[in-house]
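An overview of the molecular structure
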Amino acid sequence: MEPKEYTISILVENSPGVLSQVSRLFSRKGYNIDSIASGTTEDPRVTRITIVMQGDEVIIGQITAQLRKLLCVISVKLLSPESAVQRELVLVKVRAETKDKRDEIIQVVNVFRASIVDISRETLTVVILGSESKAGALMDLLADFGILEVVRTGTIAIERGRNTIYDNNKEKGEFNYGKNVL
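The text that follows walks through the structure, step by step, so that each part is easy to find.

**Section: the nonpolar core**
Ranked by size, the top nonpolar core spans 19 residues in total, and within it Ile-8, Ile-10, Val-22, Phe-26 and Leu-67 carry the most contacts. Elements represented by at least two residues in this core include exactly strand S1 (4-13), helix H1 (18-29), strand S3 (46-55), helix H2 (57-69) and strand S4 (73-79). Residues within four places of Ile-8 in sequence aside, it is in contact with Phe-26, Ile-49, Thr-50, Ile-51, Met-53, Ile-63, Leu-67, Val-76, Lys-77 and Leu-78. Among the nonpolar cores identified, the runner-up in size contains 17 residues, and Val-109, Ala-135, Leu-138 and Phe-145 belong to it.

Here it is in structure tokens:
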């Protein structure tokens, strides 16, 4: 089976070391994370982590099962591209040493519905919000002008429609295998 891209959305307790604990699970199993983004949810005691990785169904099944066993994990949900909205935020600093170059870059940026967030005499900073493919396509065009710096947030994702990550909760201790409870 050929590896494909998977997006995993995880709710965890918002406490020190939890992100490290989750990422260590991937490292221990020898799996690479293509993108990881985390931030607090509507409840400041809960953090949402979105991970994008390559793998097959067996690997994804193993990873999600292992994630559910972690005490700090509240919920794990596998998001399909069809059922989720996925976005990435990218900041790109581009060389723009003349007025003509700046004007040309602004036209390209406008076609992609991106924004200019900083202008200097020699550079433009562009913010791209969209899919990874949209960001890649715009960065390919901006490369002709000379990209000086790139910062990416990683992919964030949320399920479309009524379904939420809360639909797939686990009870505290449900997967508490092998832990000494005495």
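**Overview of helix H3 (residues 99-111)**
Here H3 is 13 residues long and its end C-alpha atoms lie 19 Å apart, about the 18 Å a rise of 1.5 Å per residue gives. Of the residues making up H3, those classed as buried are Arg-102, Ile-105, Val-108 and Val-109. Axial view of H3: buried residues confined to an arc of 125 degrees, hence all on one face. In this structure, H3 carries Lys-99, Asp-100, Gln-107, Asn-110 and Val-111 as exposed residues pointing more than 90 degrees from its buried face. Backbone geometry just after H3 places Arg-113 at a positive phi near 55 degrees.

**With respect to a nonpolar patch on the surface**
Judged by side-chain polarity, Leu-91, Val-117 and Val-151 come together as a nonpolar surface patch covering roughly 240 Å² of accessible area. Mapped onto the fold, Val-117 is located in strand S6 (residues 115-119).

**What about the pairing of strand S7 (residues 123-130)?**
When you tally the buried positions in S7, you get seven out of eight residues, the bulk of the element. Sheet analysis places strand S5 (residues 84-95) next to S7, joined by eight bridges and oriented antiparallel. Across the sheet, residue Lys-93 finds its bridge partner in S7, namely Thr-125. The hairpin turn running from S6 into S7, its antiparallel successor, is three residues long.

**Digging into the layout of surface pockets**
In this structure, the largest pocket encloses a volume near 170 Å³. Secondary structure elements with two or more residues in the lining of the largest pocket: S1, S5 and helix H4 (132-143). Of the residues that constitute the lining of the largest pocket, the class distribution is four nonpolar, six polar and four charged.

**Quick look at the pairing of S5**
Here S5 shows a clear split, with Ala-84, Gln-86, Glu-88, Val-90, Val-92 and Val-94 buried on one side and none of Val-85, Arg-87, Leu-89, Leu-91, Lys-93 and Arg-95 buried on the other. As paired elements, S5 and strand S9 (residues 156-159) share four bridges and run antiparallel to each other. Within S9, the residue paired with Ala-84 across the bridge is Glu-159. Of the pairings in the sheet, the one linking S5 to strand S8 (residues 147-152) comprises five bridges and is antiparallel in character. From the neighbouring strand, Leu-91 faces S8, where its bridge partner is Val-151.

About the criteria used
- Residues numbered from 1 in each chain as written.
- Predicted model: local features only at pLDDT ≥ 70, side-chain atom pairs only at ≥ 80, totals over all residues.
- Heavy atoms only, no water.
- Core = buried A, V, L, I, M, F, W, Y, C linked by side-chain atoms within 4.5 Å.
- Buried < 20%, exposed > 50% of the residue type's maximum accessible area, 1.4 Å probe, protein only.
- Helix = DSSP H or I, 4+ residues; strand = E, 2+ residues; numbered from the N terminus.
- Contact = heavy atoms within 4.5 Å.
- Expected span 1.5 Å × (residues − 1).
- Arc of directions from axis to C-beta.
- Patch = residues over 30% accessible without salt bridge, like charges linked within 9 Å, V, L, I, M, F, W, Y side chains within 5 Å.
- Areas by Shrake-Rupley, 256 points an atom, 1.4 Å probe, with all protein chains shown as cover.
- Salt bridge = Lys/Arg side-chain N within 4 Å of Asp/Glu carboxyl O.
- Pairing = 2+ DSSP bridges.
- 1 Å grid on protein atoms, 1.4 Å probe; cavity = no way out; pocket = protein on both sides within 12 Å on 5 of 7 lines; lining within 4 Å.
- Points joined across faces, edges and corners; volume = space filled by probe spheres on them.
- Nonpolar A, V, L, I, M, F, W, Y, C, P; charged D, E, K, R; others polar.

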